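The residues making up each chain are set out below.
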Amino acid sequence: MTDLSTDDIALAGEYALGTLDHATRGTVAARIGRDAVFAAEVALWEARLDPLNDALAPVAPPAALWRGLEGRLFAESPRPSPWRWIAAAGALSTAMLAAVLWFGAPLATGPGPMWVSDMVSEDGSVRLAALYDEDRGEMRVSVGGEAPPEGRDFELWLIAGEAAPISLGVMPEAGQAAMPIPEDLRPLMLNATLAITDEPAGGAPGGVATGPVVALAALRRI
Amino acid sequence: MSTQAADLADLLARVALRDRSAFKALYEAASPKLFAICLSLLKDRREAEDALQEVFVKIWHGADRFAPDLASPAAWLNTVTRNHAIDRLRALRSGSYTLDAAEQIADPGPDPEATAITSSEGRRIEGCMEGLMPERAEAVRLAYVEGESYLELSERYSVPLNTMRSWLRRSLIQLRNCLSP
């Protein structure tokens, strides 16, 4: 008992199998949302193919992953965090355009609104200037000063409001890098503080900051 | 329902009611299998860790969508995980290729011999995979377990992408006729 053509049944199977390309997956997912008969066929495929997962031996995830999850979902529960004192930091601004010029080659500015954050560690040994191009949704960072200790990386974080800091990625040891800012984060960039932490090589496990804050500064419109 | 399935179903029901201790127990019970799925599909530890965390955020917010009459709790968890990881995998490589319209396939109808065996043995997918040509059964496994795209499979088997897609679509219909005559 089905109203679906063989082609639609195969398409539902391809969705469950996972072989469709990104755009087609999006189209099929939208159809699942509005076509109950098709959605039921996809669910049947998911159940039919599920025993193929038996081939996979379980792998325990790292312990930090649960802590990160807990921190993300139950943020009001007490947790050790280097961020507690940061709430007030948004007000402490150092918007110094001059910082952008510290590092040799100047960062190119676009025609649209630009935002800058210059982060300098307390002893001045680590410096990171970030220039955000609002129209293009792209940030350029310029890293100077001392490299992170052996086996460690500096990681850049976006702090907006009360939410947990969001990782923007691990920084290069020196020089400049262009970082596209994901669409969903762009509105947050307009009222945000950026911070650098000292993390294990490759970045904070589970996407939750573990290391000390090295430097932070608000993003200021220039 | 097995004891393990009943336990998972019970935990999911409690998670839907925002029971944090149930969520922790569910994480402990289910995360190793779901992490294995993320690793197998994404082939990158950091990506797999990020994906697993996103999956459990979805489970926390969406446990009420689990419908015991449609899937076993383990299969539901596996599906939530697979869908997230595959979306991520395809998004990471989006632009690498796009599919043309699929070739139409004819439904050969249930294989009478297979039907007879199915009804007598109630066999599952493993048995039905044996009915496929070995190379095609392997391609189904590589797609499902390893997350290989049509492009990767077509390169592996040195056939045009559309041919690869036709193979797999026909294999799927053959599997379906074997599983649900």
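Report on the accompanying structure. The structure displayed is predicted, hence computed values, not measured ones. (Residues numbered from 1 in each chain as written. Chains lettered and ligands numbered in written order. Predicted model: local features only at pLDDT ≥ 70, side-chain atom pairs only at ≥ 80, totals over all residues. Heavy atoms only, no water.)

### Observations concerning the overall build of chain A
If you tally the helices and strands in chain A, you get 4 helices and 9 strands. In chain A, the order of α-helices and β-strands from amino to carboxyl end is α-α-α-α-β-β-β-β-β-β-β-β-β. Counting the 222 residues in chain A, one finds 49% classified as buried. Of the contacts formed within chain A by residues at least 6 apart in sequence, a portion of 60% connects residues at least 24 apart. Accessible area for chain A stands at about 10400 Å²; split by element, carbon and sulfur atoms hold 57% of it. (Helix = DSSP H or I, 4+ residues; strand = E, 2+ residues; numbered from the N terminus. Buried < 20%, exposed > 50% of the residue type's maximum accessible area, 1.4 Å probe, protein only. Contact = heavy atoms within 4.5 Å. Areas by Shrake-Rupley, 256 points an atom, 1.4 Å probe, with all protein chains shown as cover.)

### A word on the pairing of strand β4 (residues 152-159) of chain A
On a regular strand, each side chain points to the face opposite its neighbour's, so the side chains alternate between the two faces of the sheet. Residues and elements named next belong to chain A. Within β4, 7 of the 8 residues are buried, which leaves the element mostly enclosed by the surrounding structure. Of the pairings in the sheet, the one linking β4 to strand β7 (residues 193-200) comprises 8 bridges and is antiparallel in character. Pairing of Trp 157 across the sheet is with Ala 195, part of β7. As paired strands, β4 and strand β5 (residues 166-170) are joined by 4 bridges and run antiparallel to one another. Within β5, the position partnered with Leu 156 by the bridge is Gly 169. Linking two consecutive strands that pair antiparallel, namely β4 and β5, is a turn of 6 residues; a positive phi of about 60° is found at Gly 161 within it. (Pairing = 2+ DSSP bridges.)

### Observations regarding the sheet that holds strand β1 (residues 114-120) of chain A
Residues and elements named next belong to chain A. The 5 strands are arranged β6-β3-β2-β1-β9 in an open sheet whose pairing can be described as antiparallel. What marks the edges here is a single partner per strand, and that holds for β6 (175-180) and β9 (220-221). Looking at chain direction, strand β3 (residues 138-145) and β6 are connected through 6 bridges and run antiparallel. Among the inter-strand pairings, Arg 140 is bridged to a residue of β6, identified as Ala 178.

### As for the pattern of salt bridges
Scanning the model with the defined rule gives 21 salt bridges over all chains in all. Residues Glu 41 of chain A and Arg 48 of chain A are paired through a salt bridge, measuring 3.0 Å at the closest nitrogen-oxygen approach. The salt bridge involving Arg 141 of chain B is made with Glu 126 of chain B; its shortest N-O contact spans 3.5 Å. Taken together, the positions of Arg 141 of chain B in helix α7 (residues 134-146) and Glu 126 of chain B in helix α6 (residues 125-129) put the pair 15 residues apart, joining distant regions of the chain. Using a relative accessible area of 33% as the deciding quantity, one classes Arg 141 of chain B as partly exposed. Connected through salt bridges with shared partners, the residues Asp 7 and Glu 14 of chain A together with Arg 165 and Arg 169 of chain B form a single ionic network. (Salt bridge = Lys/Arg side-chain N within 4 Å of Asp/Glu carboxyl O.)

### Some points on the nonpolar core
Judged by nonpolar contacts, the single largest core of 78 residues is most densely connected at Phe 23, Phe 56, Ile 59, Leu 77, Met 164 and Leu 168 of chain B. With 12 residues, helix α2 (residues 20-42) of chain B is the largest single contributor of residues to this core. With residues near it in sequence (within four places) discarded, Phe 56 of chain B still touches Leu 69 and Leu 73 of chain A together with Phe 23, Leu 26, Tyr 27, Ala 30, Ser 31 and Leu 34 of chain B. Counting 24 residues, the second-largest nonpolar core is a separate cluster that includes Val 141, Val 143, Met 171 and Ala 192 of chain A. (Core = buried A, V, L, I, M, F, W, Y, C linked by side-chain atoms within 4.5 Å.)

### Focus on the state of the cysteines
Residue and element names in this part refer to chain B. The full count for this structure, using the stated rule, is 1 disulfide over all chains. Residue Cys 128 pairs covalently with Cys 178 via a disulfide, S to S 1.9 Å. Taking the torsion about the S-S bond as the criterion, the Cys 128 to Cys 178 disulfide, at about -80°, is left-handed. Pair noted here: Cys 128 is in helix α6 and Cys 178 is in helix α9 (residues 161-179), with a separation of 50 residues, a long-range link. Residue class for Cys 178 comes out buried when judged on its relative accessible area of 8%. (Disulfide = S-S within 2.5 Å.)

Bear in mind that shape data such as this cannot, by itself, settle questions of function.
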